[in-house]
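# Survey of secondary and tertiary structure
Spelled out, the chains give:
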Amino acid sequence: MAAAEPGAAPGGGGCAPAGGGSVPVLFCFSVFARPSSVPHGAGYELLIQKFLSLYGDQIDMHRKFVVQLFAEEWSQYIDLPKGFLVNERCKVRLVPLQIQITTLGNLTPASTVFFCCDMQERFRPAIKYFGDIISVGQRLLQGARLLGIPVIVTEQYPKGLGSTVQEIDLTGAKLVLPKTKFSMVLPEVEAALAEIPGVRSIVLFGVETHVCIQQTALELIGRGLEVHIVADATSSRSMMDRMFALERLARTGIIVTTSEAILLQLVADKEHPKFKEIQNLIKASAPESGLLSKV
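Residues numbered from 1 in each chain as written. Predicted model: local features only at pLDDT ≥ 70, side-chain atom pairs only at ≥ 80, totals over all residues. Heavy atoms only, no water.

Quick note on the threshold: UniProt positions are given in the numbering used here, feature names are shortened, and annotations may be inferred rather than shown by experiment.
Looking at an unreviewed UniProt entry, one finds the protein chain named Isochorismatase domain-containing protein 1 and attributed to Promerops cafer. If you open the UniProt record of the protein chain and go to Sequence similarities (unreviewed entry), you find "Belongs to the isochorismatase family."

### Remarks on the nonpolar core
As a reminder, the rule being used: Nonpolar core, defined: a set of buried Ala, Val, Leu, Ile, Met, Phe, Trp, Tyr and Cys residues in which side-chain atoms within 4.5 Å join the residues together. Per-residue accessibility, obtained with a 1.4 Å probe over protein chains only, is compared with the maximum for each type, and a residue is labelled buried under 20%, exposed over 50%, and partly exposed between these values. Numbering of helices and strands runs from the N terminus, with a helix taken as a DSSP run of H or I at least four residues long and a strand as a DSSP run of E at least two residues long. Should any heavy atoms of two residues lie within 4.5 Å, those residues are counted as being in contact.
Counting 32 residues, the largest nonpolar core has Phe114, Phe130, Leu140, Phe205 and Ile262 as the members making the most contacts within it. Those elements giving two or more residues to this core turn out to be strand S7 (112-117), helix H2 (130-147), strand S8 (151-156), strand S10 (201-207), strand S11 (226-235), helix H7 (259-267) and helix H8 (275-283). The element contributing the most residues to this core is H2, with eight residues. Apart from residues no more than four positions distant in its own chain, Phe114 is found in contact with Leu140, Ala144, Ile149, Pro150, Val151, Ile152, Val203, Phe205, Ile262 and Leu266. Of all hydrophobic cores here, the second largest spans 26 residues; its members include Leu177, Ala192, Leu220 and Val227.

### What to know about the packing of H2 against H8
If you want to describe how two helices pack, look at the angle between their axes and the distance between the axes. Which entries qualify depends on this criterion: Whenever a helix is involved, its axis is fitted only over the stretch in contact; in every case the axis is a line through C-alpha atoms, and angles between N-to-C directions fall within 0 to 180 degrees. For this classification, under 35 degrees means roughly parallel, over 145 means roughly antiparallel, 65 to 115 means roughly perpendicular, and everything else is oblique.
Where H2 contacts H8, the axes come no closer than 10 Å and their chain directions differ by 180 degrees. Here H2 is positioned roughly antiparallel relative to H8, judged by the angle of their axes. Touching Arg139, Gln142, Gly143, Leu146 and Leu147 of H2 are Glu277, Ile278, Leu281 and Ile282, all from H8.

### Concerning the pairing of strand S5 (residues 76-79)
Defined as follows: We treat two strands as partners when DSSP finds at least two bridges between them.
In terms of strand pairing, strand S4 (residues 64-71) meets S5 through four bridges, oriented antiparallel. Residue Phe70 lies in a different strand from S5, and its bridge partner there is Tyr77. Two successive antiparallel strands, S4 and S5, enclose a turn made up of four residues, where Ser75 displays a positive phi of approximately 55 degrees.

Structural data, given as structure tokens:
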């Protein structure tokens, strides 16, 4: 958890008394409130540790939070004052910092990473419209190279299921790694994301929609990232599984979109220096398959 630094604010605080002992504190998080205690003079770090000990199984360690103190003089919570030390009974809460709704869906190359999930040879005969999603996936990766967008690729148990299909050019991919976990959110992937400054949005495509794509998307939004699933580059063995997975994901706030929408949103302007090249990619459309009619 990356907790926000305590900011300056009126109310609360003070120096700890010389004596020892403990002070009762009510720790609030989400709908929960648990009475506990901390040593006299406990500060910000000890409060964070106590929150983790009480609610660690419910706190997403990758979210950002702010600690707030209930101020009697204002009859409401305020950001924890700088230098705050617990010297009397008090009530504190841990508040997740939310993404502003006005930023949702605003893709920019500088804050975007592409995730290509398990587009492997052994899936070819089983996945519906596999040839079409390969074609669209390759177009997306070409667009990523043109726009300088990092690409992360996984392969599900390649020893048994084969490598990424030859039609997909992985030249320049930041990371290509095998996995057995269904989700792409592996320690190596998290480390790679941490190396890319300002990442806000993930463009996700591949197979299967209701398994690896769904589990990856849910883990990513749980870490505070915005996820765009490319419907015309994502499929399953069963169209029913695919349809219900996309519906479920859309209800969670994940953006279900298309490759053309993604690429044009990333260039944003006809005057973009790469617009013509992106436009040429879009013109080389996959055959009409009926895949999008089943979203």
